[in-house]
Amino acid sequence: STGRLDVFTRVIIDKARAAGGLADVKKTFTDLSQGQPPAVQLALKQNPEAVQLVRDADNQQKVDIWLNGKELKYTDGVDTVMKALKGEDGDLGKLDERTKKYLLDKVLIKLDTDRGLSDIGYLAEAAGRSDNPALRAIVCERMAARAAALAAPESGEQPGPEDRFRARYFANQAVRASTPA
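In this report, the structure presented in the accompanying data block is examined. Remember, it's a predicted structure, so these values are computed and weren't measured experimentally.

## Some details on helix α7 (residues 117–129)
At step 1: Between its first and last C-alpha, α7 extends 19 Å over 13 residues, near the 18 Å set by a 1.5 Å rise per residue.
At step 2: Within the span of α7, buried status applies to L117, D119, I120, G121, L123, A124, A126, A127 and G128.

## Considering the packing of α7 against helix α8 (residues 133–151)
At step 1: At a minimum axis separation of 8 Å, α7 and α8 run at an interaxial angle of 150°. Taken together, α7 and α8 sit at an angle that is classed as roughly antiparallel. Between α7 and α8 lies a crossing of left-handed hand. Facing α7, whose interface residues are I120, L123, A124, A127 and G128, α8 presents R136, V139 and M143.
At step 2: In terms of residue class, the contact of α7 with α8 is built from six nonpolar, one polar and one charged.

## Considerations on the nonpolar core
At step 1: By size, the foremost hydrophobic cluster in this structure holds 36 residues, and its most contacted members are L85, L103, I120, L123, V139 and M143.
At step 2: Mapped onto this core, the elements with two or more residues apiece are α4 (48–67), α5 (74–86), α6 (97–111), α7, α8 and α9 (161–178).
At step 3: The dominant element in this core, judged by the number of residues it contributes, is α8, at seven residues.
At step 4: I13, A16, V25 and A50 belong to the second largest nonpolar core, which has nine residues in total.

## What about the packing of aromatic side chains?
At step 1: Per the stated rule, a full pass over the model turns up one aromatic pair.
At step 2: A centroid spacing of 6.4 Å and a plane angle of 25° characterise the contact between F165 and Y169, whose relative ring orientation is stacked. Residue F165 and its partner Y169 are located together in helix α9, separated by four residues, close to a single helical turn.

How each quantity is defined
- Residues numbered from 1 in each chain as written.
- Predicted model: local features only at pLDDT ≥ 70, side-chain atom pairs only at ≥ 80, totals over all residues.
- Heavy atoms only, no water.
- Helix = DSSP H or I, 4+ residues; strand = E, 2+ residues; numbered from the N terminus.
- Expected span 1.5 Å × (residues − 1).
- Buried < 20%, exposed > 50% of the residue type's maximum accessible area, 1.4 Å probe, protein only.
- Axes fitted to C-alpha atoms, helices over the stretch in contact; angles between N-to-C directions.
- Parallel < 35°, antiparallel > 145°, perpendicular 65-115°, else oblique.
- Left-handed = near helix turned anticlockwise from the far one by under 90°.
- Contact = heavy atoms within 4.5 Å.
- Nonpolar A, V, L, I, M, F, W, Y, C, P; charged D, E, K, R; others polar.
- Core = buried A, V, L, I, M, F, W, Y, C linked by side-chain atoms within 4.5 Å.
- Phe/Tyr/Trp six-rings, centres within 6.5 Å; stacked < 30°, edge-to-face > 60°.

As structure tokens, then:
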């Protein structure tokens with residue numbers, strides 16, 4: 001019955017999500033779905049949430065591989081990121097919105113060092129120069145999210161002076177990224 005299929009698909013999706021890292025999510029999903037009767041396997045292939053889960057895991061893994069060992073310093077590194085966001089990188093191709101957010105979050109974490117702060121500024125400037133409002137918006141959004149994460153850590157503890165400084169810096173750069181140059 002459809003109700004039972006929904007329960008099976010929900011359990012498999014939830015267990016896969018809870019598995020941890022990208023590789024674990026995909027492996028858990030694959031292992032759990034392959035052990036199911038054909039009706040459940042078909043229901044999973046037709047379930048938009050399950051399809052998105054696997055797609056996200058694949059795309060995020062592709063981004064991780066792409067970022068591994070990449071030098072993102074100075075304007076050349078920022079140009080590399082901007083090309084990827086615009087879908088102009090041959091290895092990544094056109095990225096969906098979720099993957100762009102994932103890429104930006106990873107890049108911002110990677111650049112969030114004393115040395116990388118100027119590169120974050122370059123990224124904000126490049127976004128502001130873009131004639132694509134959606135690109136400006138997503139760079140702004142992810143910089144604002146990074147500012148919020150630094151200002152209010154998940155641990156619930158008060159941020160230290162360094163994190164407060166970085167939060168203000170990211171917030172300022174978010175505004176800069178959203179403002180057409």
